[in-house]
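Summary of structural features
Take a look at the letters that make up each chain.
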There are 2 protein chains.
Amino acid sequence: MDFSKPETVVDLNNIRNVLIRMEDTIVFNLIERAKFPRQPSIYKPGAFNISDFDGSFVEWLLREEEIVHAKIRRYESPDEIPFFPNDLPEPILPAIEYPPVLYPHPNKVNVNDTIKDFYINDIVPRICADGEQPENLGSSSLCDVECLRSLSRRIHFGRFVAEAKYLTETAHMTSLIKSKDVAGLDAAITNKAVEKQVLARLKRKAETYGIDPTLADPQPKASRVNVEAVVEMYENWVIPLTKEVEVEYLLNRLPKEEA
Amino acid sequence: MDFSKPETVVDLNNIRNVLIRMEDTIVFNLIERAKFPRQPSIYKPGAFNISDFDGSFVEWLLREEEIVHAKIRRYESPDEIPFFPNDLPEPILPAIEYPPVLYPHPNKVNVNDTIKDFYINDIVPRICADGEQPENLGSSSLCDVECLRSLSRRIHFGRFVAEAKYLTETAHMTSLIKSKDVAGLDAAITNKAVEKQVLARLKRKAETYGIDPTLADPQPKASRVNVEAVVEMYENWVIPLTKEVEVEYLLNRLPKEEA
């Protein structure tokens, strides 16, 4: 997949390969986060006295890193959606002229707040042991930032999936979009068999990467990550939110004259 | 290991477990970097027109992130050594009072320049395909930053190894240090059998994590990382540099009155 060649981005086979590869990144990131306990204070707005910032420690770190990355044009890339779109400076490098792949959406489809919410409230408590280690608040937060970014990229990739599906089934999609048939769109983009494959793959990856293969007794109980939590995160959040992104994208997909 | 309890940090068994866990992090990071081609321009000083900065794109990103992380006191932690120690701001959070574990070294033992050098010139060319993808310069640089940080933490952990060895063999070490016997110190801290174990473990980890376990044909040729390059990186760089760090630390270890 090459974002300078739109035809490679809306190729469903390429998309599938990229999504599969992202699973590994997400599993690696969760394993890294699970090294540390939950660290409740890093998610509590105002728990640290950071001047000019009302959010949590993790949010501050995420925003500061987004400010750095915006300077090197991270958020010009069509597959990157920032968590703090209103706080970002202009790039210090000349823009890359990406040819348009996606249809311009009024708000770019941004479900990052929901991602932050499920990750902090549902995933961290399941993959991390209870407790707080003051000397690892920063390290834990950095892991959170990586987890959030990789989940965001994965879920928002739904926009490319949706565009590819729109291009291959334009007539059918157009009719569903025109009648604002959300349930119909959801049904049209859902493939239960593929979803099952994704979950089976996730389970296998979390099991494999989660265990040090050189242990004398590399049994499931030695896993450094809660495999069930990883699989259920995909089942309950990543897959449904990706579809939500797809539907939201499609609802705004029709060229002005047709909408 | 808990840096607020020095006795847990100089416990050779704890150190061993931390070093083993770091291997996974390093392998994960190299696998992520290997997704992208070499991107020679990101290592070339001045290749991008970044105002007030003479270094390379990767160095700029590393420095900017260190500036953010310094604010949340990353470099107050005894196991973190920055690449740009002279460019860092004061923390915005109150200091954590770490009880001293290490003996104060005049320059804290910092081999980060050597690490940057071997990583860029020897490792990247071996784990990445030839070529440049302009739209992934930022992503590749971020992976480099993660690789460099995890390598730096691993190699500088030699200081804790050295302190632990000094505490358990004080008389022997003192005599070697007093006579500035670098070869003797190197021999005293070297355990060839353990080094062999480390390399065998690295190989197994790179083989396991490098291959998507859900592939129909998960053969070595499907590996996403050059396993030999990972093992040889430890053999040629990580292990020797860790020992260099240990020796350098020990040479400055004697209390003033004894030195």
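Positions within a chain are numbered from 1, following the residues in the order the chain's sequence is written. To label them, take the chains in the order written and letter them from A, then take the ligands in the order written and number them from 1. Totals for whole chains, interfaces and linings use all residues, but because this is a predicted model, local features are given only for residues with pLDDT of at least 70 and pairs of side-chain atoms are given and counted only at 80 or more. With hydrogens and water set aside, each side-chain value is computed from the structure's full complement of heavy atoms.

The name an unreviewed UniProt entry assigns to chain A is Chorismate mutase, from the organism Myxozyma melibiosi. UniProt positions are given in the numbering used here, feature names are shortened, and annotations may be inferred rather than shown by experiment. Looking at the Subcellular location (unreviewed entry) heading of the UniProt record, one finds this comment for chain A: "Cytoplasm".

Moving on, we come to the UniProt feature "domain: Chorismate mutase" (unreviewed entry) in chain A. Per the UniProt entry, the sites bearing "domain: Chorismate mutase" (unreviewed entry) are residues 143-246 of chain A in this numbering. Only DSSP runs of H or I covering at least 4 residues are called helices, and only runs of E covering at least 2 are called strands; the numbering of each starts at the N terminus. The span residues 143-246 of chain A is 78% helical and 0% strand by assignment, and the distance between its end C-alpha atoms comes to 27 Å.

To continue, consider the interface of chain B and chain A. A contact between two residues is defined here by any heavy atoms of the two lying within 4.5 Å. On the chain A side, the residues contacting the 44 residues of chain B number 43 residues. Buried area, as used here, totals the accessible surface that two parts lose on assembly, with accessibility defined by a 1.4 Å probe and the loss added over both. Summed over both sides, the interface between chain B and chain A buries roughly 3800 Å², with carbon and sulfur atoms accounting for 63% of that surface. Put simply, a salt bridge is a Lys or Arg side-chain nitrogen that is within 4 Å of an Asp or Glu carboxyl oxygen. Linking chain B with chain A are eight salt bridges. Here a polar contact is recorded for every N or O atom pair within 3.5 Å, except that within protein the pair must consist of a potential hydrogen donor and a potential acceptor, and residues adjacent in sequence are included only if both atoms are side-chain atoms. Across the chain B-chain A interface, the total number found is 12 residue pairs in polar contact (both at pLDDT 80 or more). Elements with a contribution of two residues or more to the side of chain B that touches chain A: α2 (12-33), α3 (57-71), α5 (137-156) and α9 (192-210) of chain B.

The subject of this paragraph is empty space enclosed by the protein. Residue and element names in this part refer to chain A. We place a 1 Å grid over just the protein atoms. Points where a 1.4 Å probe fits but has no way out form a cavity, open points with protein on both sides within 12 Å along at least 5 of 7 lines form a pocket, and any residue with an atom within 4 Å of a point lines it. Grid points are joined across faces, edges and corners, and a volume is the space filled by probe spheres set on the points. Tallied over the full model, the rule gives two cavities of 30 Å³ or more. Taken as a whole, the largest cavity spans an internal volume of roughly 60 Å³. Lining the largest cavity we find Glu66, Arg74, Tyr75, Asp79, Glu80, Ile81, Pro82, Phe83, Arg149, Ser152 and Arg153. No other element matches the three residues that helix α5 (residues 137-156) contributes to the lining of the largest cavity.

So, about the pattern of salt bridges. Evaluation of the coordinates by the stated rule reveals 54 salt bridges over all chains. With its nearest N and O atoms 3.5 Å apart, the salt bridge here joins Glu32 of chain A to Lys35 of chain A. Arg21 of chain B serves as the salt-bridge partner of Glu32 of chain A, at 2.6 Å between the closest nitrogen and oxygen. One end of the pair, Glu32 of chain A, is in helix α2 (residues 12-33); the other, Arg21 of chain B, is in helix α2, on a second chain. By relative accessible area, which is 11% here, Glu32 of chain A ends up buried. One salt-bridge network, in which partners are shared between bridges, spans Glu23, Asp24, Arg201 and Lys205 of chain A together with Asp212 and Arg224 of chain B. Using a 1.4 Å probe on the protein chains alone, a residue whose accessible area is under 20% of its type maximum counts as buried, one over 50% counts as exposed, and one in between counts as partly exposed.

So, on to the layout of surface pockets. All names here are of chain B. There is about 530 Å³ of room inside the second largest pocket. For the second largest pocket, the lining is made up of 23 residues, of which Leu19, Val161, Lys165, Val194 and Glu246 are closest to its centre. Sorting the residues of the lining of the second largest pocket by element identifies α2, α6 (158-168), α8 (182-189), α9 and α10 (227-251) as the ones contributing at least two each. Among the elements that line the lining of the second largest pocket, the one with the most residues is α2, at six residues. Here the residues of the lining of the second largest pocket sort into 10 nonpolar, four polar and nine charged. Residues are grouped as follows: Ala, Val, Leu, Ile, Met, Phe, Trp, Tyr, Cys and Pro are nonpolar; Asp, Glu, Lys and Arg are charged; all remaining types, including Gly, are polar.

Right, let's get into the side chain of Glu135 of chain B. Its location among the elements puts Glu135 of chain B in the loop between α4 (112-127) and α5. Apart from the residues within four sequence positions on either side, Glu135 of chain B is in contact with Asp2, Phe3, Ile96 and Tyr98 of chain A.

Next up on the list: the relation of the copies chain B and chain A. For the pair chain B and chain A, the relating rotation is 180 degrees, the translation along its axis is 0.0 Å, and the fit reaches an RMSD of 0.0 Å. Expressed as an axis order, the relation between the two copies is that of a two-fold axis. Within chain B, the C-alpha atom positioned nearest to the axis of rotation is that of Tyr209 of chain B, 2.9 Å from it. Comparing contact sets, 98% of the residues at the interface of chain B also lie at the interface in chain A, consistent with an isologous, same-surface contact. Least-squares superposition aligns the copies on the C-alpha atoms of those residues with pLDDT at or above 70 in both.

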